[in-house]
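# Structure at a glance
Residue strings, one per chain:
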Amino acid sequence: PNTISMETTMAAQLTLADWTKRAGQKVSRTQLFIDGKFVDAASGRTFESINPRDGSIIAHVAEGDVEDVNRAVAVAKRTFEAGIWSEMAPLDRKNVMLKWAQLIRDHAEELALLETMNCGKPISDSLNVDVASCANNIQWYAETIDKVYGEIAPVPRDSIALIEREPMGVVGAVVPWNYPLIISSWKVGAALAGGNSVILKPAEQSPLSALLFAELAVQAGLPAGVFNVVNGFGPSCGGTLGKHMDVNKLAFTGSTEVGKYFLKYSAESNAKAVSLELGGKTPHVVLSDCPDIDAAASAIAWGVFYNAGQTCHAGTRMVVDQKIEDELLQKIQDVSKTIMPGDTYDPKTAMGTIVDRSQFDRVNEYINIGKSEGAIVHTGGTPVEPVKGGIFIPPTIFKGVKPGMRIEQEEIFGPVLGSIRVTSDEDAVRIANDSQYGLGAALWTRDVSKAHKIARQLRAGTVWVNTFDRSSITTPFGGFKQSGTGRDRSLHSIEGYTNLKTTWIQL
Ligand code: NAD
């Protein structure tokens, strides 16, 4: 379990009956986590946390508001200024975070179940992907703490100019519900490695795993108040963090619409630094010389249906040469039969639910929009109910999608793939780039020159060639265009949580 390999997985020994039984137990952490303690919201209010598997109420969760965010920010500011974390020796900070990574692994089953109950993810994915990555990410950021050096600038010999990275101070992180632990670990891991104090605001659909994640940090030795979690709704909690005069950096992942609010909040308050990881509409450009149609079909199907399509960089647009479209669609349909929705507590289930009723309605509405725009349903398109009361949409494929259709341009955020037929490589690249988004893009070709040339032409933060969705904490992740600014993952992400300082010494 101490390996830093991204391939680390945690074996699930539990059965459907075991997970169902565990899910029936009362959830123990539902309050806000401020200054190392669980506390009620100042207003005493709570909101219902709903399980999309069956519509049941999981817990009543403390609903933070302006007063609670103000309190958490005051605590974070105090801890930062006291230097109890930022000035701790790098080796000691590293060891705290390493211990935290280990505690996450020790509590993997509990964390995974919370993630599954909140988000409707299959339990095996929560365990082997979400929790495993979260632990690896925290470990990776821990390891950076005593390995990143400053610089000495080549200034005239009568001086020495030191260039160092210093923490920014108080960091607010506002995250979505699709990968709560993974996205939180990217932001909180990098911010803490940089020496900051943090307030995390999870999405209201997925408030639970962050509470245990934060409690484990304190158990590992992170001083109380350095990492706080305030659950609550977007405009009140997220908005207060965004506008707060004592928050120095705001890291956001979510929709493009809300991301833009944070730029406004910053402009209207203290001009805080803002990083934005926003939406996407990733194209798969499949040229006629695709080297392996079976591999492409598998990567395309998993790349759009994994997590029920609720992935910001999901490959939702297949821009495919007419010579191979029919064969490829048939093979994608065959793969999609192995990704059908099932009970989220069953370790064999490959696809879970849509996160909540409003997202479910939105995806169904887009399926209707696609039909009314003249696209043809090739596969799926109608909700299924493998668990009574659950909100499941099976893999859905549209044929005959034309550039400019709403289902081709707008982010659906569900398991819906659109196939766009093209007759030339030039058209394929033009259509792939004709999007407000630029988070990811993929290209399938056996021609190495074309691969390099087109990879350069594709306007996206990540371009995959002859593969899809390979990722690692060592590579930056983020968008071009309206998919955002700033990067999560890799050493570059720490640049987003630190200020460069020059110290010029006259000799
Ligand atoms: P969302 O933008 O509705 O919410 C994200 C977060 O913002 C939540 O915590 C929410 O409470 C908060 N929020 C909502 N309204 C707010 C407001 N007015 N002021 C301040 N905070 C507010 O997004 P979502 O529906 O939770 O997540 C889905 C979106 O996230 C998709 O668009 C997806 O593409 C995007 N996403 C992007 C990435 C990436 O890395 N680029 C990763 C995952 C998800």
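Residues numbered from 1 in each chain as written. Predicted model: local features only at pLDDT ≥ 70, side-chain atom pairs only at ≥ 80, totals over all residues. Heavy atoms only, no water.

By the criterion of burial, strand E7 (residues 170-174) is predominantly enclosed, with five of the five residues buried. Alternating positions in E7 separate into two faces, Val170, Gly172 and Val174 on one and Val171 and Ala173 on the other, with burial throughout. Where E7 meets strand E8 (residues 197-201), five bridges bridge the pair, whose relative direction is parallel. When the sheet's bridge partners are listed, Val171 is paired in E8 with Val198. For the crossover from E7 across helix H6 (residues 180-193) to E8, the handedness is right-handed. The pairing of E7 with strand E10 (residues 249-253) spans four bridges and is classified as parallel. Across the sheet, Val174 pairs through a bridge with Phe252, a residue of E10. (Buried < 20%, exposed > 50% of the residue type's maximum accessible area, 1.4 Å probe, protein only. Helix = DSSP H or I, 4+ residues; strand = E, 2+ residues; numbered from the N terminus. Pairing = 2+ DSSP bridges. Right-handed = clockwise from strand over helix to strand, strands pointing away.)

Another aspect to go through is the site of the ligand. Close to the ligand lie 30 residues, the nearest being Lys201, Glu204, Ser255, Leu278 and Glu411. Separating an oxygen atom of the ligand from a side-chain N or O atom of Lys201 is a distance of 2.7 Å. Contact distances for the ligand include 2.7 Å between a nitrogen atom and a side-chain N or O atom of Tyr265. Computed on the free molecule, the ligand has an accessible area of 850 Å², of which 90% lies beneath the protein chains in the complex. Among the elements of the structure, helix H8 (234-243), E10 and helix H9 (256-268) are those that each provide at least two residues to the shell around the ligand. Of the residues contributing to the shell around the ligand, the split by class is 18 nonpolar, eight polar and four charged. (Near = heavy atom within 4 Å. Polar contact = N/O pair within 3.5 Å; in protein donor to acceptor, adjacent residues only side chain to side chain. Areas by Shrake-Rupley, 256 points an atom, 1.4 Å probe, with all protein chains shown as cover. Nonpolar A, V, L, I, M, F, W, Y, C, P; charged D, E, K, R; others polar.)

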